[in-house]
Each structure stands twice: as structure tokens, then as C-alpha cells.
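Secondary and tertiary structure notes
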Amino acid sequence: MTRQKLLNIYLADHLAGAVVGQELAKRCLSSNTGSELGSFLTSFLEELDEDRSTLERVIDTVGGQPDRLKLRAAWLSEKAGRLKLNGQLRGYSDLSRVVELEGLSIGVHGKASMWAALKSVAENDSRLESFDFDALESRARRQQEQLEVHRRAAVVVAFEGRDTPAGR
């Protein structure tokens, strides 16, 4: 398998992950609107849209194409993830918030790793020289830090039964 094919697969996998992340963030926002977390998620979703657009431009720049089957499977897998047990038969619980924020954190960690990998690739691939992978990785690291603040607050609410300033 050629290096180009491997890069295309890698990027297509990350694009599928971006779809999952966007859908998960939308779901979390829908249950946390009007809160400090909701405000964060609103701006976070805007950044996720920008990151996805950038990733799509990277894919286009290197001659790859989005894998429609992977994108559809990613979207469906996020929807199936809603069936997990959260301590309630129906609806949203404090545990739902914790699990969603942990999922988003894992995804953002992967995105930061992808930007770092692409920075390395760009050192020997002039097609990628117009992308600021340092800034993209820094933004992902900042997103991780912000998600962690909200995740810790959600843990306190879910498992200790008390609200925090960064909570709901």
C-alpha cells in the first residue's frame, strides 16, 4: 500500500471522528443550553466546524476524498451511542453529561495528535505548507483544557451531588 493511500485512510478516519465529535457536542449542547457549559459548547461547536472544514481542505489538498461510507457509519455510531445506560430509563442524567464530556475530550486528544502528525508530514510535503498545524494543535490543546474544566465540574455534580461554578 502506498504512503499516499495510508495518508488518505488516516485523514478519512479522522474526518469520520470529526462527524462523531460534532454530533456528540450538539447532543450535549441540547441538554445544557442556558448554562456555562452550554455557552462553552456553542463556541466549541463553531471551532469544530472550522476544524472539520480545515481537515476537508487538507484531504482535498493531498488528493484524497472523504469516505462516504465511513462518514455515514460514524454518524450512525454516534446515534447508537445514545442507547447507553445512564442511570435512567429515559432522558438525560448527570452521568450523561460526564460521559459526553469524556467522549469529546478523547476526540479532541485525537484531533491534537492528528494536527501534530500532519505538521510532521508537512515538513516533507509542500502541498501542506499553507496550513498552520501549530495553531491548530494549540487550539485543540486549549479545547482539551476547557473540556477538562467542564468534565470535572460534571463529575462533582454527578457523583458528589453538588453544583460547581462551571457546572450546569
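Here, the structure is the one placed above.
Residues numbered from 1 in each chain as written. Predicted model: local features only at pLDDT ≥ 70, side-chain atom pairs only at ≥ 80, totals over all residues. Heavy atoms only, no water.

Digging into the overall build of the protein
This is how it is decided: In this text, helices come from DSSP runs of H or I with a minimum length of four residues, and strands from runs of E with a minimum of two, each type numbered from the N-terminal end. Partly exposed describes any residue whose relative accessible area lies between the buried limit of under 20% and the exposed limit of over 50%, with all areas from a 1.4 Å probe on protein chains only and scaled to the type maximum. Note on contacts: a residue pair qualifies if any of its non-hydrogen atoms lie within 4.5 Å across the two residues. Only the protein chains shown count as cover for residues, and the accessible areas themselves come from Shrake-Rupley with a 1.4 Å probe.
The helix and strand inventory of the protein stands at five helices and zero strands. Order of helices (α) and strands (β) in the protein, N terminus to C terminus: α-α-α-α-α. When each of the 168 residues of the protein is scored for burial, the buried share is 41%. Pairs at least 24 residues apart make up 76% of the contacts formed inside the protein by residues separated by at least 6 positions. Here the protein displays about 9400 Å² of accessible surface, and carbon together with sulfur accounts for 54% of that area.

Quick word on the packing of helix H4 (residues 94–122) against helix H5 (residues 133–160)
Operational definition: What counts as an axis is a line fitted to C-alpha atoms, over the stretch in contact for a helix, and the angles between N-to-C directions run from 0 to 180 degrees. For classification purposes, angles smaller than 35 degrees are called roughly parallel, those larger than 145 roughly antiparallel, those between 65 and 115 roughly perpendicular, and all remaining angles oblique. Rotating anticlockwise by less than a right angle from the far helix to the near helix defines a left-handed crossing, while the corresponding clockwise rotation defines a right-handed one. The residue classification treats Ala, Val, Leu, Ile, Met, Phe, Trp, Tyr, Cys and Pro as nonpolar and Asp, Glu, Lys and Arg as charged. All others, Gly included, are polar.
In contact at an axis separation of 8 Å, H4 and H5 are set at 165° when each is read in the N-to-C sense. On the basis of the axis angle, H4 is roughly antiparallel to H5. At the point where H4 passes H5, the crossing takes the left-handed sense. Considering only residue class, the contact of H4 with H5 consists of 19 nonpolar, five polar and nine charged.

A word on the environment of Ala16
When you line up the elements, Ala16 lands in helix H1 (residues 3–30). Residue Ala16 is classed as buried on the basis of its relative accessible area of 10%. Sequence separation between Ala16 and Ala73 is 57 residues, and the spatial gap between their C-alpha atoms is 8.1 Å.

Topic: H5
We apply this condition: By this rule, a helix spans an expected 1.5 Å times one less than how many residues it contains.
The end-to-end C-alpha distance of H5, which contains 28 residues, comes to 39 Å, matching closely the 40 Å that a straight helix rising 1.5 Å per residue would cover. Note on H5: the residue one or two positions beyond its end, Gly161, has a positive phi of about 70°.

A closer look at the pattern of salt bridges
To keep it simple, the criterion reads: A carboxyl oxygen of Asp or Glu within 4 Å of a side-chain nitrogen of Lys or Arg is what we treat as a salt bridge.
Enumeration according to the criterion identifies 14 salt bridges in this entry. Put simply, Glu23 and Lys26 hold a salt bridge, and the shortest N to O gap is 3.4 Å. Taken together, the positions of Glu23 and Lys26, both in helix H1 and three residues apart, correspond to about one turn of that helix. Accessibility expressed as a relative area gives 14% for Glu23, which makes it buried. A salt bridge links Asp125 to Arg127; the shortest N-O distance between them is 2.6 Å. Under the relative-accessibility criterion, Asp125 is labelled buried at 12%.

Regarding a nonpolar patch on the surface
Definition in use: Exposure above 30% relative accessible area and no salt bridge define the residues that can form patches, which grow by joining like charges within 9 Å and nonpolar side chains of Val, Leu, Ile, Met, Phe, Trp and Tyr within 5 Å.
A contiguous nonpolar patch, built from Met1, Leu6 and Ile9 and spanning about 300 Å² of accessible area, is present on the exposed surface. Position of Met1 relative to the elements: it lies in the segment before H1.

As for the environment of Lys5
Note on placement: Lys5 falls in helix H1. Since its relative accessible area comes to 45%, Lys5 is described here as partly exposed. Placed 58 residues apart in sequence, Lys5 and Gly63 show a C-alpha to C-alpha distance of 9.9 Å.

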